[in-house]
Amino acid sequence: MQTVQLLQVTDPHLFADPATELYGVNTAESLRLTLAAALADGPAPDAVLVTGDIGDDMSAAAYMHFKRALAVCGAPVFCLPGNHDDPALMTQLLNRGGFQYCGSARLGPWGLVLLDTHVPGRPHGRLSGAELERLDAELRALHDVPVLVCLHHPPVPVGSAWLDGVGLLNGTEFLDLIDRHPNVRCVLAGHVHQAFDAQHGSARIIASPSTCAQFTPRTERCVMDDRPPGYRWLSLHDDGAVSTRVGWLPQLVGSPRDENESRR
Ligand SMILES: [Fe+2]
């Protein structure tokens, strides 16, 4: 039996100046500590998935900090854009030398598809017609293997009104599409800075805590959570089953606080 071991880290929100804090957390230091904790808490990863909001200030320097930080993983790194990212810069900087930006890949017995839900200047997400067509074509090509689909914005409500208002605007279109492809066994997202786990048809839909600050689940408005930075391990089994767990740092990094409730 061949099992693929994946590490997901998400929403690191890095800046050109690595001393910069977001929500009271030094995001560069928090990413470094999270990666060290995750790697000490699991197998050698076959690949690392980073589901968006990699940079926060649309700077090339933030992406270069990211590349240096992820080198510790010693594994291929797959990236996609979040609402805070610059897709053009990511395409330029994060699509070579062990990094892949969007597209698709084979991971042992599984297929992987990475989607772009970025809408310039807006916090919500949307899949363009071209991206939905690409997904459909990729899933047809991967019809005989289980598939993991990754995107920044979760395609289903997570139960917090303020976050669901900036989710994937055409989530229903996405769900209708994957309903036609029962080989999609898992959908993995970021954006919500909290652990989330649901089932839609044959697909498990998962989101994960950020490597910096977390949002309290099931709230009307943004409320910071007192949970520390987190990460997720996934085991993709060759029969299409997925086992997964979230890990947390033993303590907070900095003093997470609502310094700007409009951010996410
Ligand atoms: Fe984020």
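Figured I'd write up the structure that's included with this text.

What counts and what doesn't
- Counting restarts for each chain, with residues numbered from 1 along the sequence as it is written.
- Under the rules for a predicted model, residues below a pLDDT of 70 receive no local features and side-chain atom pairs below 80 are neither given nor counted, while totals for whole chains, interfaces and linings still include all residues.
- Only hydrogens and water are set aside when side-chain values are computed; all heavy atoms of the structure are taken into account.
- Here a pair means two rings of Phe, Tyr or Trp (six-membered ring of Trp) with centres within 6.5 Å. Their orientation is stacked below 30 degrees between planes, edge-to-face above 60, and tilted elsewhere.
- Helix and strand assignments follow DSSP, with helices taken as H or I runs no shorter than four residues and strands as E runs no shorter than two, numbered in order from the N terminus.
- The rule is simple: take the accessible area with a 1.4 Å probe, protein chains only, and divide by the maximum for that residue type; under 20% is buried, over 50% is exposed, in between is partly exposed.
- What makes a salt bridge here is a side-chain nitrogen of Lys or Arg within 4 Å of a carboxyl oxygen of Asp or Glu, nothing more.
- Remark: nonpolar core denotes a set of buried residues (Ala, Val, Leu, Ile, Met, Phe, Trp, Tyr, Cys) joined through side-chain atoms within 4.5 Å.
- Any two residues having at least one pair of non-hydrogen atoms within 4.5 Å are treated as being in contact.
- In this description, a donor is an N, O or S atom within 2.8 Å of the metal centre, a cutoff extended to 3.2 Å for sodium, potassium and calcium. Water is not part of the atom list, which can make sites seem incomplete.
- Geometry is assigned from the angles between donors: four donors with all angles from 85 to 135 degrees make a tetrahedral site, four or six donors whose opposite pairs exceed 155 degrees while the rest stay between 65 and 115 make square planar or octahedral sites respectively, and everything else is labelled irregular.
- Here, axes are lines fitted to C-alpha atoms. For helices the fit covers the stretch in contact, and angles between N-to-C directions go from 0 to 180 degrees.
- Here is the rule for angles: anything less than 35 degrees is roughly parallel, anything more than 145 is roughly antiparallel, 65 through 115 is roughly perpendicular, and the remaining ranges are oblique.
- In a left-handed crossing the near helix is turned counterclockwise from the far helix by less than a right angle, and in a right-handed crossing that turn is clockwise.
- Residues were grouped as follows: Ala, Val, Leu, Ile, Met, Phe, Trp, Tyr, Cys and Pro as nonpolar; Asp, Glu, Lys and Arg as charged; and all remaining residues, including Gly, as polar.

On inspection of all chains with the given rule, the structure shows three aromatic pairs. Judged by centre distance (5.7 Å) and plane angle (90°), the ring pair of Tyr 23 and Phe 215 falls under edge-to-face. In this pair, Tyr 23 sits in the loop between β2 (21-22) and β3 (25-26) while Phe 215 sits in the loop between β12 (203-207) and β13 (230-236), placing the two residues 192 residues apart along the sequence. Assigned by exposure class, Tyr 23 and Phe 215 land together as buried. A ring pair is formed by Phe 66 and Phe 99, whose centres lie 6.0 Å apart and whose planes are at 65°; its orientation type is edge-to-face. Placement of Phe 66 in helix α2 (residues 60-70) and of Phe 99 in strand β6 (residues 99-101) is noted, with a sequence separation of 33 residues between them. Residue classification places Phe 66 among the buried residues on the basis of a relative accessible area of 0%.

With that settled, the discussion passes to the pattern of salt bridges. Opposite charge on two side chains permits them to pair, given that their charged atoms come into close proximity. This structure, assessed with the given rule, holds six salt bridges. Measuring nitrogen to oxygen at the nearest pair gives 3.0 Å for the salt bridge that ties Arg 32 to Glu 29. Taken together, the residues Arg 32 and Glu 29, both in helix α1 (residues 27-39) and three residues apart, mark about one turn of the helix. Residue Arg 32 is classed as partly exposed on the basis of its relative accessible area, which comes to 46%. In this structure, Glu 131 and Arg 134 form a salt bridge, with 2.9 Å as the shortest nitrogen-oxygen distance. Taken together, the positions of Glu 131 and Arg 134, both in helix α4 (residues 129-141) and three residues apart, correspond to about one turn of that helix. Relative accessible area serves as the criterion here: at 12%, Glu 131 is assigned to the buried category. Each of the salt bridges in this network shares a partner with another, and the network as a whole consists of Glu 131, Arg 134 and Glu 138.

Another point: the nonpolar core. In terms of nonpolar packing, the biggest core is built from 45 residues, with Leu 6, Phe 66, Leu 70, Leu 94, Leu 112 and Leu 148 touching the most fellow members. Setting aside its immediate chain neighbours within four residues, Leu 112 contacts Leu 49, Phe 78, Gly 103, Ser 104, Ala 105, Leu 107, Leu 148 and Cys 150. Within the second largest apolar cluster, 39 residues are counted, among which are Leu 132, Val 145, Leu 168 and Ala 189.

What follows covers the coordination of the iron ion. Each protein donor to the iron ion is listed here as Asp 11 (OD), His 13 (NE2), Asp 53 (OD) and His 193 (NE2); together their distances run 2.2 to 2.4 Å. Its four donor atoms give the iron ion angles of 87 to 177° at the centre, a pattern that matches the irregular case. Going along the chain, you hit the donors of the iron ion in the pattern D-x1-H-x39-D-x139-H. In this pair, His 13 is assigned in the loop between β1 (4-9) and β2 and His 193 in the loop between β10 (184-189) and β11 (196-200), connecting sequence segments 180 residues apart. Looking at His 193, the relative accessible area reads 0%, which means it is buried.

All right, on to the packing of α4 against helix α6 (residues 171-179) then. It is the contact of α4 with α6, at a shortest axis distance of 10 Å, that shows an interaxial angle of 15°. As summarised for this structure, α4 and α6 are arranged roughly parallel, according to the angle between their axes. α4 and α6 meet at a crossing whose hand is right-handed. Taken together, the residues of α6 that come into contact with α4 (itself represented by Leu 132, Leu 135, Asp 136 and Leu 139) are Glu 173, Phe 174 and Leu 177. Looking at the contact of α4 with α6 residue by residue, the classes come out as five nonpolar, no polar and two charged.

Quick look at unusual backbone geometry now. Residues other than glycine seldom take positive phi values, yet Tyr 23 does so here, at roughly 55°. The class for Tyr 23 is buried, based on a relative accessible area of 1%. With a phi close to 55°, Arg 218 is a non-glycine residue in the positive phi region. Relative to the elements of secondary structure, Arg 218 occurs in the loop between β12 and β13.

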